Amino acid sequence: CMSVPLGESYWEQYGGRKNSSCPRSEDWVTTCTNPLSKNQFDDPLYDSMKWAYQQIRVEPVWEAGFTGKGVHVRVNDDGVDVDHAEFMGRVDKFNSCYEYRPRDPDNDVHGTACASMIAGNSNNNECAVGIAPEAKISGCVGPVDLLNAPQILLTKMETVDISSNSWGPLVCQT
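On a predicted model such as this, the values are computed, not experimentally measured, just so you know. (Residues numbered from 1 in each chain as written. Predicted model: local features only at pLDDT ≥ 70, side-chain atom pairs only at ≥ 80, totals over all residues. Heavy atoms only, no water.)

Colleague: Would you mind showing me how to read the sheet that holds strand β1 (residues 72–77) here?
Modeller: Strand pairs in the sheet, formed through backbone hydrogen bonds, run parallel or antiparallel to each other. Taken in spatial order, the three strands of this open sheet run β2-β1-β3, and their pairing is parallel. Among the strands making up the open sheet, the edge pair consists of β2 (136–141) and β3 (162–165). Neighbour-to-neighbour, the strand axes of this sheet turn through a mean angle of 20°, independent of strand direction. Bridge count for β1 against β2 is six bridges, and the pairing is parallel. By the bridge assignment, Asp 77 is partnered in β2 with Val 141. Strands in contact with helix α4 (residues 110–119) are β1, β2 and β3; relative to β1, the strand with the most contacts, it is inclined by about 155°. (Pairing = 2+ DSSP bridges. Helix = DSSP H or I, 4+ residues; strand = E, 2+ residues; numbered from the N terminus. Axes fitted to C-alpha atoms, helices over the stretch in contact; angles between N-to-C directions. Contact = heavy atoms within 4.5 Å.)

Encoded structure:
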């Protein structure tokens with residue numbers, strides 16, 4: 001469900017692909033039956049992610065004032081759309097790998113999705129909030145060949161506090 005009703009234009013942003021499993025507004029309930037009034041942040045899909053925030057018990061952490069400020073997270077994946085509103089003002093391009101943007105922006109969306117779950121901005125009228133909405137992020141496009149993984153994983157690691165690695169080899173190719 002959504003915290004607030006969103007018009008069709010919201011779902012048409014980014015080529016109509018707001019979420020790979022729920023890409024159309026019809027896939028969502030217009031608003032929550034009982035909207036949650038005690039949300040830490042005011043993001044339109046906060047209520048739909050409330051279960052995850054409760055599962056990892058992050059809301060008390062936010063209430064204590066910990067939102068990722070001063071933390072640098074590296075996202076090693078298929079690239080990060082650093083121009084996305086979820087990351088405005090918090091992308092460290094200098095400490096990213098040489099290649100950090102998706103090679104194919106229409107299909108390489110996993111890194112951007114992971115980065116938004118980690119550090120999506122709060123209170124910006126976009127999606128839900130990330131776990132550490134004030135964290136700085138950098139990116140590296142994962143290696144095509146796992147033998148090159150150490151080179152990617154070690155690039156400028158002295159600047160990184162947390163390394164997110166949600167990638168692996170393609171086991172089946174057609």
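We are not done yet, so read on.
Colleague: I tried to follow the state of the cysteines on my own but got confused; where do I start?
Modeller: Working definition: the covalent bond between the sulfur atoms of two cysteines is a disulfide. The full count for this structure, using the stated rule, is one disulfide. Each sulfur in the disulfide pair Cys 97 and Cys 140 lies 1.8 Å from the other. Handedness here is read from the sign of the S-S torsion; for Cys 97 and Cys 140, about 75°, the answer is right-handed. Taken together, the residues Cys 97 in the loop between β1 and α4 and Cys 140 in strand β2 connect sequence positions 43 residues apart. Judged by its relative accessible area of 0%, Cys 140 falls in the buried class. (Disulfide = S-S within 2.5 Å. Buried < 20%, exposed > 50% of the residue type's maximum accessible area, 1.4 Å probe, protein only.)

Colleague: For this particular structure, what's the right way to read the pattern of salt bridges?
Modeller: Close approach of charged atoms allows side chains of opposite charge to pair. If you walk through the whole model with that rule in mind, you get three salt bridges. For the salt bridge of Glu 59 with Lys 50, the shortest nitrogen-to-oxygen distance reads 2.7 Å. Accessibility expressed as a relative area gives 11% for Glu 59, which makes it buried. (Salt bridge = Lys/Arg side-chain N within 4 Å of Asp/Glu carboxyl O.)

Colleague: What is the right way to look at α4 in this model?
Modeller: Three or four residues apart is the spacing at which side chains of an α-helix point the same way, because the helix has 3.6 residues per turn. Restricting attention to buried positions, one finds in α4 the residues Gly 111, Thr 112, Cys 114, Ala 115, Ile 118 and Ala 119. Looking down the long axis of α4, one finds its buried residues gathered within 160° of arc, a one-sided arrangement. (Arc of directions from axis to C-beta.)

Colleague: Even after reading the chapter, I still don't get the pairing of β1, so can you show me in this structure?
Modeller: Moving residue by residue along a regular strand, the side chains alternate between the two faces of the sheet. Here β1 lies mainly inside the structure; six of its six residues are buried. What you see with β1 is no split at all: His 72, Arg 74 and Asn 76 on one side and Val 73, Val 75 and Asp 77 on the other are buried throughout. Crossover connection from β1 via α4 to parallel β2: handedness right-handed. (Right-handed = clockwise from strand over helix to strand, strands pointing away.)

Colleague: Quick question: what am I supposed to make of the nonpolar core here?
Modeller: Within soluble globular proteins, side chains that are nonpolar generally end up buried alongside one another. Val 73, Val 75, Val 80, Val 82, Phe 87, Tyr 100, Ala 115, Ile 118, Ala 119, Ala 132, Ala 135 and Ile 137 form the largest nonpolar core, which has 12 residues in total. Contributing elements (two or more residues each) for this core: β1 and α4. Here this core gets three residues from one element, more than from any other, and that element is α4. Sequence-distant contacts of Ala 132, defined by excluding residues within four places in its chain, comprise Thr 67, Gly 68, Arg 90, Ile 118 and Ala 119. By size, the runner-up hydrophobic cluster in this structure holds nine residues, among which are Val 58, Cys 127, Ala 128 and Val 129. (Core = buried A, V, L, I, M, F, W, Y, C linked by side-chain atoms within 4.5 Å.)

Colleague: Would you explain unusual backbone geometry in this entry?
Modeller: The phi angle of most residues is negative, glycine excepted, and most peptide bonds adopt the trans form. We note that Asn 125 has phi near 60°; this positive angle belongs to a residue other than glycine. Summarising the element assignment, Asn 125 is placed in the loop between α4 and β2. Of note, Lys 156 is a non-glycine position whose phi angle comes to about 50°, a positive value. Its relative accessible area of 29% is what places Lys 156 among the partly exposed residues.

Colleague: How should I be thinking about the confidence of the model for the chain in this particular structure?
Modeller: Residue-level pLDDT values for the chain average 80, and 73% of them are 70 or greater. Counting contacts from residues 16–23, a segment whose pLDDT is below 50, to residues more than four positions away or on other chains yields 17 contacts. (pLDDT = per-residue confidence, 0-100.)

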